[in-house]
Each structure stands twice: as structure tokens, then as C-alpha cells.
Amino acid sequence: MAVTGIMLVLFLIAHMLGNLKVFTGATSFNHYAEWLRELGAPLLPGVWALWMLRIGLVVAVVGHIWAATTLALRARAARPVQYAHRKKVQGSYAARTMRWGGVIILLFVIYHILDLTTGTLNPVGDPTRPYANVVADFAPERWYVTLFYTLAIVSIGFHLRHGIFSAVRSLGQQTPRGERRAKNVALVFSVALCAGYLVVPFAVLTGLVS
Ligand code: HEM
């Protein structure tokens, strides 16, 4: 769970930094997307490096879901008889929404790929012009797309907050002081990542990026 989670977090950081290039203008943003496709050249032909990254990402997502399912089944097997009176578990909101949060994020990623990678659901839908695709996506009249992205990104924030804290714990951090520190780090990191993602649709919505 922790290892695949860390792989996904590294992707999220890189993707967020890449998205922020939208503020440097259309030419620079489109050039960056083109560079991604040519990554590894001339050592590797065509889009090989990109496909290797994509395969790594799919392995991480499948591994993450597989680990979550195994852990859930193991937890259930450890307590085959239900408690007669089960006290309400007072975990944080983030901890209690991990499963549904994960499902929402997965549905978002499927929509997002059809929107900005293949262009199928995008008003411009030209994979060679990612800047135009992003600007068309978050235009004011398509406020519901921005709303959907916002909900998905906030879900990612909650998921990350609990996920990072759990990963630090799984990897050996157990003292009460260390746990408090891990909680704060997880919160600050999640808020910063959410802000880094949300600034793009809101910049388009408000006309800052056009
Ligand atoms: C407002 C936030 C976001 C924006 C503006 C954005 C923008 C983009 C763009 C423009 C592409 C297409 C790149 C290209 O093909 O040239 C893309 C691809 C992608 N994005 Fe995002 N993204 C956002 C949030 C996210 C989030 C939160 C995730 C993950 C949970 C994500 C996962 C992906 C994936 C998996 C791809 C496909 C990469 C590939 O295989 O080529 N994105 N995004």
C-alpha cells in the first residue's frame, strides 16, 4: 500500500508542477507536452519512455487497489463474527472516506484521460494543443467541469492526508511525537498539492489564463 502510494504521490507532484507551466503561455505549455512525448530520445524511439511511465503508473494503480482489497479482506477475516455492539470509530474524516475516496478518484482519472489525453470529451479535443484543451475545458460556461475537478481534487487531498500519514506509520514511524509531526506534514503537503492543482482551472475560470 505504502510503496505504490509513494509512486502515485511522485506522479502527482510531477504532474502538478507540469500543469503550472500553463502560466508560462501556450507555446511553452505545448512544447512541454511535446517534450514529454519525445522523452528518452534519441536513446529510445518515439513515445517509448512515455509508455514506460504509463505502464509504471498502471502497475502502481493496480497494485494500490490490490493491496487495499487484500488488507480489507484480511481485516474482515480477522473478525468473522460481527461485534454485537460496535462503538462508533472516531477516525478522522479522511480516514473514514478512504475506500469511497479511492473510487471517486479512479472515476475522475478515467474521465480526465478521455478529456485531456485522448480529447474525446473535450470541446477542442486536439491532443497536439493541450493549452487550448485546458482553456476550453474550464471556460466559465463549463463551470460544472471546474466543479467536478474541484470535488475530485479535494477528494485526492483527503485521501492523501490519510494515506501519507499511514505510509509514514507503515514505514516505521511510531512515537507519539513523530505521529503528530507526520500528521502535520501530511496536512501541509495535501493542502499545497490541492492548491497547486486547483489554481489552473480557477485561473481559466477567472480569465487569468486564456
Ligand atoms: C486541474 C488539474 C489538472 C489538469 C489541468 C491536468 C491536465 C492534464 C493534461 C493537459 C493532460 C494531457 C497531457 C498530454 O497528453 O499532453 C493530463 C494527463 C493526465 N493526467 Fe492530469 N491534470 C489535472 C489533474 C490530474 C490529477 C489530479 C490526476 C491524478 C489523480 C491526473 C492524472 C493524469 C493522467 C493519468 C494523465 C494521462 C497521462 C498520459 O498517459 O499521457 N491529472 N492532465
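Residues numbered from 1 in each chain as written. Predicted model: local features only at pLDDT ≥ 70, side-chain atom pairs only at ≥ 80, totals over all residues. Heavy atoms only, no water.

Student: Sorry, what's going on with helix α5 (residues 98–117) here?
Tutor: Because an α-helix packs 3.6 residues into every turn, residues spaced three or four apart end up facing the same way. Under the 1.5 Å per step criterion, the end-to-end length of α5 is 27 Å for 20 residues, consistent within 8% with the ideal 28 Å. By the burial criterion, the buried members of α5 are Gly101, Ile105, Phe108, His112 and Asp115. Packing partners of the buried residues in α5 comprise α1 (2–19), α6 (130–137) and α7 (143–170). Just beyond α5, the residue with positive phi is Gly119, at close to 80 degrees. (Helix = DSSP H or I, 4+ residues; strand = E, 2+ residues; numbered from the N terminus. Expected span 1.5 Å × (residues − 1). Buried < 20%, exposed > 50% of the residue type's maximum accessible area, 1.4 Å probe, protein only. Contact = heavy atoms within 4.5 Å.)

Student: Mind showing me how you'd approach the side chain of Arg142 here?
Tutor: Looking at where Arg142 falls in the secondary structure, it is placed in the loop between α6 and α7. Its relative accessible area of 14% is what places Arg142 among the buried residues. For Arg142, the side chain forms a polar contact with the main-chain oxygen of Ala136, separated by 3.4 Å. Beyond its immediate stretch of four places on either side in the chain, Arg142 contacts Tyr111, Leu121, Pro123, Ala136 and Asp137. (Polar contact = N/O pair within 3.5 Å; in protein donor to acceptor, adjacent residues only side chain to side chain.)

Student: Teacher, can you tell me more about the nonpolar core here?
Tutor: Soluble globular proteins tend to pack their nonpolar side chains together in the buried interior. Grouped together as the largest cluster of nonpolar side chains are 15 residues, with contacts concentrated most on Leu12, Ile153, Ile156, Leu160, Leu193 and Tyr197. When contributions to this core are tallied by element, the ones reaching two or more residues are α1, α7 and α8 (176–205). Per element, the largest residue contribution to this core is six residues, and it comes from α8. For Ile153, the contacting residues outside a window of four places in its chain are Cys194, Tyr197 and Leu198. Core analysis: the next-biggest nonpolar cluster, separate from the first, contains 14 residues, Tyr131, Phe138, Tyr149 and Val209 among them. (Core = buried A, V, L, I, M, F, W, Y, C linked by side-chain atoms within 4.5 Å.)

Student: Looking at this model, I keep getting lost on the site of the ligand. Mind explaining?
Tutor: The ligand sits among 20 residues. The nearest are His15, Asn19, Arg37, Arg54 and His112. Within the contact set of the ligand, an oxygen atom lies 2.9 Å away from a side-chain nitrogen or oxygen of Arg37. His112 places a polar side-chain atom, nitrogen or oxygen, 2.7 Å from a nitrogen atom of the ligand. For the shell around the ligand, the elements supplying multiple residues, two or more each, are α1, α2 (26–38), α3 (48–77), α5, α7 and α8. The greatest single-element share of the shell around the ligand, amounting to five residues, is contributed by α5. Grouping the amino acids of the shell around the ligand by side-chain chemistry returns 14 nonpolar, four polar and two charged. (Near = heavy atom within 4 Å. Nonpolar A, V, L, I, M, F, W, Y, C, P; charged D, E, K, R; others polar.)

Student: What am I meant to see in the packing of aromatic side chains here?
Tutor: Each aromatic ring pair is specified by the distance between its two centres and by the angle formed by the two planes. Enumeration over the complete set of coordinates arrives at nine aromatic pairs. Centre to centre, the rings of Phe138 and Tyr149 are 4.9 Å apart; their planes meet at 90 degrees, and the pair counts as edge-to-face. Remark: Tyr149 occurs in helix α7 and Phe138 occurs in the loop between α6 and α7; sequence separation between them is eleven residues. Comparing Phe138 with Tyr149, the two get one shared label, buried. Where Trp143 meets Tyr144, the ring centres are 5.8 Å apart and the plane angle is 80 degrees; that geometry is what we call edge-to-face. A relative accessible area of 52% places Trp143 in the exposed class. Look at Tyr144 and you get partly exposed, because its relative accessible area is 44%. Of note, Arg54 hangs over the ring of Trp51, and the distance from its end group to the ring centre comes to 4.6 Å. Above the ring of Phe165, the side-chain terminus of Lys183 is found at 5.2 Å from the ring centroid. (Phe/Tyr/Trp six-rings, centres within 6.5 Å; stacked < 30°, edge-to-face > 60°. Lys NZ or Arg CZ within 6 Å of the ring centre and 35° of its normal.)

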